[in-house]
There are 2 protein chains.
Amino acid sequence: MPTPHYGQPRYRVIADDLRKRIESGAIPPGTLLPAESVLAAEFRASRGTIRQAIAILRETRLVATEHGRGTFVYPDSSSSGRYVGSESGVRKRHVAADPELAALFAVKPGTTLVEEESVTRQNGTVDAVVKVYRLP
Amino acid sequence: MPTPHYGQPRYRVIADDLRKRIESGAIPPGTLLPAESVLAAEFRASRGTIRQAIAILRETRLVATEHGRGTFVYPDSSSSGRYVGSESGVRKRHVAADPELAALFAVKPGTTLVEEESVTRQNGTVDAVVKVYRLP
DNA sequence: AGAAATTTGTCCGTATGTATC
DNA sequence: AGATACATACGGACAAATTTC
């Protein structure tokens, strides 16, 4: 079989499919994605292609992968998985205020806050992660 | 031949090597990197491994790749870190890395991180809470 | 405690598609 | 048109971390 990738490449199509499953709640936050080998069988794609798809979800911070464990869906990602910054490395999302933040902002715990996350690097390695919380 | 990758994986070693060539000026800004096939021959690695290495440099914004053309060295971005030292009350403490922070810092979840928290106010009311995470 | 199974990580070789020169 | 270079995709093999038995 040849390798035609008309329009979108397969790994992007697969990534979109998985993203929809996550945002729709079909794969709830905090749970594991099916193993790469399982996804490969389901999509009839090679493991490498599946890994490319998951890499996209990882870049957008929709999931996190751990060696030997699997790929987890991040908490939050179901209803407000928006990625604003295109390439700037700044990611904006809505989070619920924990008791500490709630006290600082003088609101009830659980109130929605805006979190802006940016990453600074030095020689390619992550130097610091900065999170800024504000009221919407 | 097996596939032993003691210590660092090959693609990271190759990425470091290329990064040094760029930072030393051996590959001047604006010029092309050798083609992937050439690098593959030089490092005796597969093209896939070379592509993994270049992907790292791309994430760091050290190079940019264009389809059919090649991989260019960025015209120097040595932007220094911009720091706005707020004024007051910087609170420092140790926290355990959640999966997301762990992934960013490339450490195991649970690893100790230093968290610096500062609060900016306007007329006494909290405007924003800034949290900076670093490795100890 | 230890072995086996599972899962992700790395690496290779090959083939083909697509964009640029 | 032809050559060159990057992009996508496959399949296989082994390494390393985790979980399960």
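Check the entry above for the structure.
Quick caveat, the model's predicted, so the values are computed rather than measured.

Each value, and the rule that gives it
Residues numbered from 1 in each chain as written. Chains lettered and ligands numbered in written order. Predicted model: local features only at pLDDT ≥ 70, side-chain atom pairs only at ≥ 80, totals over all residues. Heavy atoms only, no water. Helix = DSSP H or I, 4+ residues; strand = E, 2+ residues; numbered from the N terminus. Buried < 20%, exposed > 50% of the residue type's maximum accessible area, 1.4 Å probe, protein only. Contact = heavy atoms within 4.5 Å. Areas by Shrake-Rupley, 256 points an atom, 1.4 Å probe, with all protein chains shown as cover. Near = heavy atom within 4 Å. Polar contact = N/O pair within 3.5 Å; in protein donor to acceptor, adjacent residues only side chain to side chain. Arc of directions from axis to C-beta. Buried area = accessible area lost by both parts, 1.4 Å probe. Salt bridge = Lys/Arg side-chain N within 4 Å of Asp/Glu carboxyl O. Nonpolar A, V, L, I, M, F, W, Y, C, P; charged D, E, K, R; others polar. Expected span 1.5 Å × (residues − 1).

A. Spotlight on the overall build of chain A. Regarding its fold elements, chain A presents four helices and five strands. Considering chain A as a whole, with its 136 residues, one finds that 36% of them fall into the buried category. Taking the contacts inside chain A whose residues are at least 6 apart along the sequence as the reference set, 43% of them involve residues at least 24 apart. Per element, the accessible surface of chain A, about 7900 Å² overall, is 54% carbon and sulfur.

B. Structural context of the protein's contact with DNA strand D. As a structural note, the neighbourhood of DNA strand D is formed by 24 residues, with R10, Y11, T49 and R69 of chain A together with R51 of chain B the closest of them. Counting only atoms of DNA strand D within 4 Å of the protein, the sugar-phosphate share comes to 79%. In the environment of DNA strand D, a phosphate oxygen lies 2.4 Å from a nitrogen or oxygen atom belonging to the side chain of T49 of chain A. At 2.4 Å, a side-chain N or O of R51 of chain B approaches a phosphate oxygen of DNA strand D.

C. Quick peek at the side chain of T49 of chain B. Relative to the assigned elements, T49 of chain B resides in helix α3 (residues 47-59). With residues up to four places along the chain from it excluded, the contact list for T49 of chain B reads R10, Y11 and I14 of chain B.

D. Geometry of helix α2 (residues 36-43) of chain A. Residues and elements named next belong to chain A. Within α2 the residues assigned to the buried category are E36, L39, A40 and F43. The arc that holds the buried residues of α2, viewed along the axis, is 105°, so those residues lie on one side. Lining the buried residues of α2 we find α1 (10-23) and α3 (47-59). Backbone geometry just after α2 places R44 at a positive phi near 55°.

E. Quick peek at the interface of chain A and chain B. Each partner contributes to the interface: chain A provides 24 residues, whereas chain B provides 23 residues. The junction of chain A with chain B conceals about 2200 Å² of combined surface from both sides, 54% of it contributed by carbon and sulfur atoms. Put simply, chain A and chain B have zero salt bridges between them. Counting the contacts that link chain A with chain B gives three residue pairs in polar contact (both at pLDDT 80 or more). Looking at the side of chain A that touches chain B, the elements that each hand over two or more residues are α4 (99-105), β4 (112-122) and β5 (125-134) of chain A. With nine residues, β5 of chain A is the largest single contributor of residues to the side of chain A that touches chain B. Split by residue class, the side of chain A that touches chain B holds eleven nonpolar, four polar and nine charged.

F. Looking closely at α3 of chain B. Residue and element names in this part refer to chain B. An ideal rise of 1.5 Å per residue puts 18 Å on 13 residues; α3 measures up with 18 Å between its terminal C-alpha atoms. Residues of α3 that are buried include every one of T49, I50, A53, I54 and L57, and no others. The buried residues of α3 occupy one face: seen down the axis, they fall within an arc of 135°. Structurally, α3 contributes buried residues whose contacts are with α1 (10-23), α2 (36-43), β1 (63-66) and β2 (70-73).

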